[in-house]
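Remarks on the overall topology
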Amino acid sequence: MIQDFLTAALPWIAIGVAVAIFFASQRNTVHNNNGDKNYVSMGIAIGMCFGVAFSCITDMNMGLGIAIGMVLGLSVGTSLEKKNKR
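Remember, predicted model here, so these are calculated numbers, not experimental data.

We now examine the overall build of the protein. When helices and strands are tallied, the protein shows four helices and zero strands. Long-range pairs, those at least 24 residues apart, make up 65% of the contacts in the protein between residues at least 6 apart in sequence. Just so you have it, the protein exposes about 6,400 Å², and 67% of that area is on carbon and sulfur atoms.

Following this line, the structure appears as structure tokens:
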């Protein structure tokens with residue numbers, strides 16, 4: 001029963017949390033020509049890679065691993081700010 005929940009509903013919940021974190025972080029960000037002020041895209045990409053690796057190692061559903069990795073990568077990427085190079 002819990003396995004059915006994890007495979008059916010948890011990826012949708014994780015994607016919803018990821019979208020909410022993304023829009024909450026973008027609300028206070030001012031974009032300029034130098035790029036973003038944080039590592040959102042890099043965090044999502046690396047998190048998805050780690051999610052796929054984790055799902056392969058633990059024999060978990062691949063979609064669930066991608067969703068969990070995306071949420072974790074997004075939360076880490078929004079918490080880190082880029083340093084000014086000037």
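Still more to cover.
Our focus in this paragraph is unusual backbone geometry. Even without being a glycine, Asp59 presents a positive backbone phi close to 60°. Tracing the backbone shows Asp59 in the loop between helix H3 (40–58) and helix H4 (62–79).

Moving on, we come to the nonpolar core. Ranked by size, the top nonpolar core spans seven residues in total: Ala14, Ala18, Val40, Ala67, Met70, Val71 and Leu74. When contributions to this core are tallied by element, the ones reaching two or more residues are helix H2 (10–27) and H4. Broken down by element, this core gets its largest block of residues, four residues, from H4. Residues in contact with Val71, not counting those within four places in the same chain, are Ala14, Val17 and Ala18.

Attention now moves to a nonpolar patch on the surface. There is a patch of nonpolar side chains on the surface, built from Trp12, Ile15, Val19, Phe22 and Phe23 and spanning about 540 Å² of accessible area. Secondary-structure assignment places Trp12 in helix H2.

All right, on to the environment of Ala9 then. Mapped onto the elements of the fold, Ala9 is located in the loop between helix H1 (2–8) and H2. Here Ala9 falls in the partly exposed class, since its relative accessible area comes to 26%. Residues Ala9 and Leu64 lie 55 residues apart in sequence; the distance between their C-alpha atoms is 9.6 Å.

Two numbers describe how H3 lies on H4: the axes approach to 6 Å, and their chain directions differ by 145°. Helix-helix and strand crossings are classified by hand; for H3 and H4 the assignment is right-handed. Between H3 and H4, the residues in contact are Val40, Gly43, Ile44, Gly47, Met48, Gly51, Val52, Ser55 and Cys56 and Met62, Gly65, Ile66, Gly69, Met70, Gly73, Leu74, Gly77 and Thr78, respectively. Among the residues making up the contact of H3 with H4, the classes are represented as nine nonpolar, nine polar and no charged.

Note on placement: Lys37 falls in the loop between H2 and H3. Once the C-alpha coordinates of Lys37 and Lys83 are considered, the two residues, 46 residues apart in sequence, prove to be 8.2 Å apart.

What counts, and at which threshold
- Residues numbered from 1 in each chain as written.
- Predicted model: local features only at pLDDT ≥ 70, side-chain atom pairs only at ≥ 80, totals over all residues.
- Heavy atoms only, no water.
- Helix = DSSP H or I, 4+ residues; strand = E, 2+ residues; numbered from the N terminus.
- Contact = heavy atoms within 4.5 Å.
- Areas by Shrake-Rupley, 256 points an atom, 1.4 Å probe, with all protein chains shown as cover.
- Core = buried A, V, L, I, M, F, W, Y, C linked by side-chain atoms within 4.5 Å.
- Buried < 20%, exposed > 50% of the residue type's maximum accessible area, 1.4 Å probe, protein only.
- Patch = residues over 30% accessible without salt bridge, like charges linked within 9 Å, V, L, I, M, F, W, Y side chains within 5 Å.
- Salt bridge = Lys/Arg side-chain N within 4 Å of Asp/Glu carboxyl O.
- Axes fitted to C-alpha atoms, helices over the stretch in contact; angles between N-to-C directions.
- Left-handed = near helix turned anticlockwise from the far one by under 90°.
- Nonpolar A, V, L, I, M, F, W, Y, C, P; charged D, E, K, R; others polar.

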